[in-house]
Amino acid sequence: MNAARRPAQILSLTVVYTLLVFFAVITLIPFVWMAASSLKQTADFFTSLFLPGGDGLFGVAWDRLTFVHYHDLFTKMGVGRNLLNSFFLASVTAVLATLSAAMGGYALAKFRFRGREGLTNLVLAALIIPAPLLLAPGYKVLFQLGLLDSFGGLILPALAPAFGVFLFRQTMLNSVPDELLESARLDGASEIRLFTTVVLPLARPMIGAFMLITFLGTWNNFISPQIILQSQELFPLSVAIAQMKTEYSQDYGMMMAGTLISVAPVLTIFLLLQKEFISGLTAGAVKG
Amino acid sequence: MSRQSSTSAWVPWLFLTPFLLTFAVFSIVPLGQAVILAAQQTFGPNTTVFVGFDNFRFLATDPLFWTAVRNTTLYAAGAVFLQLPLSLGLALLLNRPNLRGRMIFRAIFFAPSLVGLVFVAVIFSLIFEKRTGLLNVLLHGLIPAFDVEFPWLQEYVLPALIIAALWMFTGFNMVYFLAALQNVSRDLEDAATVDGAGPWQRFRHVILPAIRPVGAFVVLLALIGSFQLFELPWILLAGPGPENRGLTIVMYLYQIGFVTNDLGYSSAVGWMLAFLLASFAVAHRFFSRKEQY
């Protein structure tokens, strides 16, 4: 598209870039602020906005910066344990929930059986149940099952993602041809083998996207672990940082260091897998 | 249709087992429990008294509940009327032809939505600090008349929440708008240009109708998300805030259920929330159906 054919753009390209850079800077400032604050001594919070000023390179007093907050977090606050818990919960939930959703979606999309219509409608209906409604009764169920204060109490309820089943049903309808399944069956492939070697590879983009979204959601989830877990050693980062905020609210540097540790892993994963993330998010909206 | 010729009837049920089992235990049973609990007063999960419709009767005149509804509604209005127009604006900027670095800008704008609400709250609790906070220092630097002691978290709780949410979700919604804009036919736009349509007319008559379904969907998502606001004010204000200015519906549900330990009354609040959200979904369906005619 050459510029001559589209003369009537509202804004010149320069203005567009200026606006975009302006908003990008505003978006990035809180991240920079968090990183800078995590390296500052408590005293310097009252004299400098980002990094403390001095005679060093770029007018920054580099020698006043400190890693003490990170050191304290791991040696005194046991953040290493919280980090491990978050990774464990998020990855186990992501893998199992994706598997459960892919299997369910496959069954609803590619088999004809009595009750299929009813089940599909049930999945659709479940989409509108708001999570907070199930908070109190879900707690009661976990209590009766003896699952309170355990990872099981967090992981098992996450294995029934109606939204995921719905997404996978759509994916399987579009990208898994019946002929392929039929010919594999004629070749004598078992149903489970068929699923793992034919169906799952065809649904790969959705598997990646849904695993990422579930990982992120579990990593950032606060309310469920806050309600279900009692023992400090089981806390994921979200609960640990929230607790730190109430108990050490004046220790700015440590709070920011803890937050950076909590945020950096998901940001890194996102930067590496941006395409999967965004296609997963928009899959339901634009195509569906 | 010979699709099923070689498979047994139990195969689909085998694949559905993990979902159905967990769904039954952790969604259907709690949903039933929610009905029963809403008619009970409880203290913890064990001690219960049947109260019938009293929970809902009490809710109707509970000033705290209505404060929560009011706060949550205002916050949601901020999301729909401030955040979404900005999201659309950014998407239009990014959709500009011949733009370089589109992926980088999109990644930057999207990044805040990856940060969990808890962590956003902790970051912004420092940004909103009175004298040392980033926002007050910057605003004071730009406009000397602006008070560097401006009490965001003491008095201007709702604007503070809306600002934090603006940072977090504008880029998230932008992604939906951008995806929709990229599906708008360039040929149609060009045809409109050739026919003498100006930028505004192209936006109004070509782009807007094409992205309306996604727009309606994004509004619905923003409403559903906003009405479930909890962590942001809860952590930012270390509770409901001064004079309950940061009390939201889900925060009230949480406080009743897990601080006061009345799971019954908490479930009643949950049903009110479910009813509200369901009415948004119905309204959305109604409007998107009407469009087709």
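Everything numeric here is computed off the predicted structure, so don't read it as measured data.

Let us now look at the overall build of chain A. Of regular secondary structure, chain A possesses 14 helices and zero strands. Sequence-ordered secondary structure for chain A, helices as α and strands as β, is α-α-α-α-α-α-α-α-α-α-α-α-α-α. Its C-alpha atoms give chain A principal-axis dimensions of roughly 75 × 70 × 35 Å. Here chain A holds 288 residues, and 41% of them are scored as buried. Within chain A, residue pairs in contact and separated by at least 24 positions form 73% of the contacts whose partners lie at least 6 positions apart.

Secondary structure assignment for chain B yields twelve helices and two strands. For chain B, the α and β elements follow one another from N to C terminus as α-β-β-α-α-α-α-α-α-α-α-α-α-α. Over its C-alpha atoms chain B spans a radius of gyration of 24 Å, topping by over 25% the 19 Å that the globule rule assigns to 293 residues. With the C-alpha coordinates aligned to their principal axes, the bounding extent of chain B is approximately 75 × 70 × 35 Å.

What follows deals with helix α10 (residues 204–220) of chain A. Between the first and last C-alpha of α10 of chain A there are 24 Å, a value that for 17 residues agrees with the 24 Å anticipated at 1.5 Å per step. Where burial is concerned, most of α10 of chain A is hidden: 13 out of the 17 residues are buried.

Here the focus is the environment of Asn174 of chain A. Residue and element names in this part refer to chain A. Along the polypeptide, Asn174 turns up in helix α7 (residues 162–175). Residue class for Asn174 comes out partly exposed when judged on the 13 C-beta atoms lying within 10 Å of it. Taking the C-alpha atoms as reference points, Asn174 and Ala203, 29 residues apart in sequence, are found 9.6 Å from one another.

All names here are of chain B. Going residue by residue along strand β1 (residues 40–43), you find Gln40 and Thr42 tucked away on one face and Gln41 and Phe43 left uncovered on the opposite face. Pairing geometry for β1 and strand β2 (residues 47–50), over four bridges, is antiparallel. Its bridge partner lying in β2, Phe43 is registered against Thr47.

Here we take up the nonpolar core. Tyr106 of chain A together with Val120, Leu232 and Val269 of chain B are the most contacted members of the largest nonpolar core, which has 159 residues in total. Broken down by element, the residue count for this core peaks at 17 residues, all from helix α7 (residues 157–182) of chain B. With residues up to four places along the chain from it excluded, the contact list for Val120 of chain B reads Val115, Ala164, Met168 and Leu232 of chain B.

Attention shifts here to the interface of chain A and chain B. Across the contact, 80 residues belong to chain A and 80 residues belong to chain B. Here the element with the most residues in the side of chain A that touches chain B is helix α1 (residues 13–37) of chain A; it accounts for twelve residues. Residue classes in the side of chain A that touches chain B are distributed as 59 nonpolar, 13 polar and eight charged.

Looking at where Met255 of chain A falls in the secondary structure, it is placed in helix α13 (residues 252–272). Linking Met255 of chain A and Gly115 of chain A, residues 140 residues apart in sequence, is a C-alpha distance of 52 Å. Filtering out sequence-adjacent residues up to four positions away, Met255 of chain A remains in contact with Met244, Lys245 and Tyr248 of chain A together with Val122 of chain B.

A separate point is unusual backbone geometry. Even without being a glycine, Asp149 of chain A presents a positive backbone phi close to 55°. Positive phi, close to 55°, is recorded for Asn244 of chain B, a residue that is not glycine. Within the secondary structure, Asn244 of chain B sits in the loop between α10 (231–236) and α11 (249–258). Overall, the presence of 19 C-beta atoms within 10 Å leaves Asn244 of chain B in the partly exposed class.

In this section: the environment of Ala189 of chain A. Considering the arrangement of structural elements, one finds Ala189 of chain A in the loop between α8 (178–186) and α9 (191–202). Residue classification places Ala189 of chain A among the partly exposed residues on the basis of 16 C-beta atoms within 10 Å.

Summarising the model, chain A shows a mean pLDDT of 89, and 94% of its residues fall at 70 or more. With pLDDT under 50 throughout, residues 1–8 of chain A is counted as low confidence; its partners more than four residues away or in other chains account for seven contacts.

Attention now moves to the confidence of the model for chain B. On average, residues of chain B carry a pLDDT of 91, and 96% of them reach 70 or more. Scored as a complex, the prediction yields pTM 0.91 and ipTM 0.90.

All names here are of chain B. Running from N to C, helix α4 (residues 102–110) and α7 cross one another at 135°; their axes reach a closest spacing of 7 Å. Here α4 is positioned oblique relative to α7, judged by the angle of their axes. Residues Arg106, Phe109 and Phe110 of α4 form the contact with α7, whose participating residues are Thr170, Gly171, Phe172, Met174, Val175 and Leu178. The residue inventory of the contact of α4 with α7, partitioned by class, reads six nonpolar, two polar and one charged.

Our focus in this paragraph is the packing of helix α3 (residues 63–94) of chain B against helix α9 (residues 199–226) of chain B. Packed helix pairs are characterised by how far apart their axes lie and by the angle those axes make with each other. All names here are of chain B. At a minimum axis distance of 9 Å, the contact between α3 and α9 shows a crossing angle of 145°. Pair α3 / α9 crosses with right-handed handedness. Where α3 abuts α9, its residues Tyr75, Ala76, Ala79, Val80, Gln83 and Leu84 lie against Val218, Val219, Ala222, Leu223 and Ser226. Tallied by class, residues from the contact of α3 with α9 come to nine nonpolar, two polar and no charged.

Conventions and cut-offs
- Throughout this description, residue numbers start from 1 for each chain and increase along the sequence as written.
- Chains carry letters from A onward and ligands carry numbers from 1 onward, assigned in written order.
- Confidence filtering applies because this is a predicted model: local features only for residues at pLDDT of at least 70, side-chain atom pairs given and counted only at 80 or more, and all residues used for totals across whole chains, interfaces and linings.
- To qualify as a helix, a DSSP run of H or I must reach at least 4 residues; to qualify as a strand, a run of E must reach at least 2; elements of each kind are numbered from the N terminus.
- Partly exposed residues are those falling between the two cut-offs: more than 12 but fewer than 20 other C-beta atoms within 10 Å of their own, whereas 20 or more means buried and 12 or fewer means exposed, with C-beta atoms placed from the backbone.
- Any residue pair is listed as a contact if its two C-beta atoms, each placed from the backbone, are within 7 Å.
- For this measure, only C-alpha atoms enter the radius of gyration; the expected value for a globule follows 2.2 Å times N^0.38, where N is the number of residues.
- Take the residue count of a helix, subtract one, and multiply by 1.5 Å to get its expected span.
- Two strands qualify as a pair provided that DSSP identifies no fewer than 2 bridges between them.
- Residues enter a nonpolar core if they are buried, belong to Ala, Val, Leu, Ile, Met, Phe, Trp, Tyr or Cys, and are joined to the set through C-beta atoms within 7 Å.
- Asp, Glu, Lys and Arg are counted as charged, while Ala, Val, Leu, Ile, Met, Phe, Trp, Tyr, Cys and Pro are counted as nonpolar; the rest, among them Gly, fall into the polar class.
- The predictor reports its confidence for every residue as pLDDT, a score running from 0 up to 100.
- Geometry is summarised by axes, namely lines fitted to C-alpha atoms with helices restricted to the contacting stretch, and by angles between N-to-C directions that run from 0 to 180 degrees.
- Angles below 35 degrees are treated as roughly parallel, those above 145 as roughly antiparallel, those between 65 and 115 as roughly perpendicular, and all remaining angles as oblique.
- Left-handed describes a crossing in which the near helix is turned anticlockwise from the far one by less than a right angle; the clockwise case is right-handed.

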